[in-house]
Amino acid sequence: MAAIDGAEVAKHDNRKSCWIVLDSKVYDVTKFLPTHPGGAAIILKNAGTDATEEFKKYHPLNYVHDLPEGSVLGSVNPDTLGNLREKKEVNAAPAQSADGDKEIPHLTMCVSCPDFEKAAKAVLPHKSYVYASTSANTGLSLKTNLDDWSRINFRPRVMRNVGDVDSRRSIFGHTSQYPFYISPMGTLGAIHPEAEPEMVRGAVRKGAHMVVSTASTKTSDQIMQTFQDEQQRLNNKSPTRLFYQYYMPVDRKKAIELMHIVKKAGYKGIWITVDTPVLGKRTADRVLQAEEALAVGLAEEETASWETGGENAFAPAMGGRPVSGQLSPHTTWEDLAWIRKEWEGPIVLKGIQTAEDAKLAYEYGCDGILLSNHGGRQLHTAPSALMTLLEIRTYCPEIIGKLEIFLDGGLRDGSDVLKALCLGATAVGVGRPFMYALAAYGSQGVERCIDVLADELTLGMRLLGVTSLDQLKPEMVNATRLLNEMWRPENNSLSIKSRL
Ligand SMILES: Cc1cc2nc3c(=O)[nH]c(=O)nc-3n(C[C@H](O)[C@H](O)[C@H](O)COP(=O)(O)O)c2cc1C
């Protein structure tokens, strides 16, 4: 067989045809690219070159025998080595931001959730970043949300044949590709010019469910229209469904009107937010408002937040800036009776923070509860959703399995999702990471963020020793540290006694 010229090897330097020289032999590794455990990129970097030195850093040379049959093309002509492709150091080219005028890291560089926040911070106007990132008071509720996930450890099982894993999960009968969904976040127009529709496109393309906020920039109908268009484009193959987050309008007539609009539009369930009788103290927002007020020669007059704007202002067909006093502080458990009459689908209470209220929600016939402290934006030093779940397991375990239990707050890794599911959650909501991904990269960022979480999740399943989510059990986690800190009535009565 005639020796192969280096110039010929140099031509095969891409994904469609990838040749490399190893120990004087030429290999066609095109088919091997997708399965290389170290990723395709490192091979492509060496495509068309003599990769022997690079190869030896990672593998013994006889590993080449493991390449698929027919990969060896022959020997390279030693006199033509100078014709091989010249190796270049390649760095990921920076990408353009969603609005096109700022440089941010290439999307490929986002390999875990916190990367999206860094990119978003670089592109968002300061005011929008403050809106997305702000939390209540000193920020302790947010910090607890983030920290508590790392205070639980896994108890992995080994040798369980985890070759194939299935991470699908059903929410009220609607199966999603994943046990996580995109949490409702208001006023996405402040984050991306295409607002909620852009988020929806990313969700549909990846098959993730999404809960749409009452305080959206676009109307519920516009958002649903985008959903339907995108579904149609994909021949209705995406399992994604939209649910609706409901801020109870003060006026009952308007409250009912909104429910009818949402039902007619085709949302599959309502998540009634119950942790916002009034808006929490969003400290960074307040600082910004004070600065803005002073800049125009005024003292700060009134606080307002984008988060409660949108349809809640009750022009159902319009988005817009908020008017204070939109949230209803008057809602009680008794309201569930008329809500049930107006809404036949699933009802979830969003913002449950104690075992007592979880039990009440069950007794009042709710279909689901979302354990949440609103991403640490409402009550200062509120419990994390994880702590509330542990309370439920301790004080009213009988409700687990009787209604769907969701959690949100501080989930930044697919393995956090697994911990929640081990302890009995149906699925979890993820908020800010998707908002940041949207800010920096639009719907592609949303897709990437879903992929990142899904990859961490399935990797975690394999390392934990399970192949489907219904195999997850409480004994697969060690929650001792959090359990030691859990609220105990006996400790509290002790402290009351000691004061008497
Ligand atoms: C910028 C922003 C806006 C939000 N808007 C709403 C909203 O309109 N309605 C609502 O019920 N929750 C809202 N939330 C709370 C989220 O639904 C969710 O509970 C929280 O973001 C989860 O925490 P995480 O961001 O740490 O994932 C908002 C959260 C953020 C960060």
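Given the structure is predicted, the values throughout are model-derived calculations rather than measurements. Here the residue index of a chain counts from 1 through its sequence in written order. Thresholds applied to this predicted model are a pLDDT of at least 70 for local features of residues and 80 or more for the giving and counting of side-chain atom pairs; totals over whole chains, interfaces and linings are not thresholded and use all residues. For side-chain calculations, the full set of non-hydrogen atoms in the structure is used, while hydrogens and water are omitted.

Undergrad: Tell me what's going on with helix α5 (residues 126-133), and back it up with residues and numbers.
TA: Residue exposure (1.4 Å probe, protein chains only): buried if accessible area is under 20% of the type maximum, exposed if over 50%, otherwise partly exposed. Numbering goes from the N terminus for both helices and strands, where a helix is a DSSP run of H or I of at least four residues and a strand is a run of E of at least two. Here α5 lies mainly inside the structure; six of its eight residues are buried. Every buried residue belonging to α5 is among Ser 128, Tyr 129, Val 130, Tyr 131, Ala 132 and Ser 133, and all of these are buried. Along its buried surface, α5 packs onto α4 (113-123), α6 (140-149), α10 (283-295) and α15 (432-464). When checking whether two residues touch, look at their non-hydrogen atoms; a contact exists if any pair is within 4.5 Å.

Undergrad: An account of the nonpolar core is requested, with residue identities and associated values reported.
TA: The tendency in soluble globular proteins is for nonpolar side chains to be buried side by side. The nonpolar core is taken to be a set of buried Ala, Val, Leu, Ile, Met, Phe, Trp, Tyr and Cys residues, with the residues joined through side-chain atoms within 4.5 Å. Grouped together as the largest cluster of nonpolar side chains are 102 residues, with contacts concentrated most on Ile 369, Leu 407 and Phe 434. Tallying contributions element by element places α15 first for this core, with 17 residues. The contact partners of Leu 407, leaving out residues within four places of it in the chain, are Trp 149, Leu 370, Leu 371, Ala 385, Leu 386, Leu 389, Ala 420, Ala 425, Ala 427, Val 428 and Gly 429. Among the nonpolar cores identified, the runner-up in size contains 14 residues, and Ile 20, Ala 40, Ile 43 and Val 64 belong to it.

Undergrad: So what about the sheet that holds strand β1 (residues 19-22)? Which residues, and what values?
TA: In spatial order, the strands read β1-β2-β3; together these three strands make up an open sheet with antiparallel pairing. Strands with a single pairing partner mark the edges of an open sheet, and in this sheet they are β1 and β3 (72-75). Pairwise comparison of adjacent strand axes, ignoring direction, gives a mean angle of 25° for this sheet. Sheet topology places β1 next to strand β2 (residues 25-28); four bridges connect them, and they run antiparallel. Of the residues in β2, the one forming a bridge with Leu 22 is Lys 25. Strands qualify as paired when DSSP identifies two bridges or more between them. Axes here refer to lines fitted to C-alpha atoms; in helices the fit is confined to the stretch in contact. Angles between the N-to-C directions go from 0 to 180 degrees.

Undergrad: I'd like a rundown of the environment of Asp 275, residues and numbers included.
TA: Assignment of secondary structure puts Asp 275 in the loop between β12 (270-273) and α10. Along the primary structure Asp 275 and Tyr 181 are separated by 94 residues, whereas in three dimensions their C-alpha atoms are 20 Å apart. The contacts of Asp 275, once residues within four sequence positions are left out, are Lys 350, Gly 351, Gln 353, Ser 372, Asn 373, His 374 and Gln 378. Contacts described as polar in this section are N or O atom pairs within 3.5 Å, which, within protein, must combine one atom able to donate a hydrogen with one able to accept it, while residues neighboring in sequence count only if both atoms come from side chains. A distance of 2.9 Å separates polar atoms of two side chains, one belonging to Asp 275 and the other to His 374.

Undergrad: I'd like a description of the pattern of salt bridges, backed by residues and values.
TA: By definition, a salt bridge exists where a carboxyl oxygen of Asp or Glu is found within 4 Å of a side-chain nitrogen of Lys or Arg. Counted according to the given criterion, the structure contains 18 salt bridges. The closest approach of N and O atoms between Asp 166 and Arg 168, which form a salt bridge, is 2.9 Å. Among the ionic contacts, a cluster of salt bridges with common partners joins Arg 205, Glu 230, Arg 233 and Glu 447.

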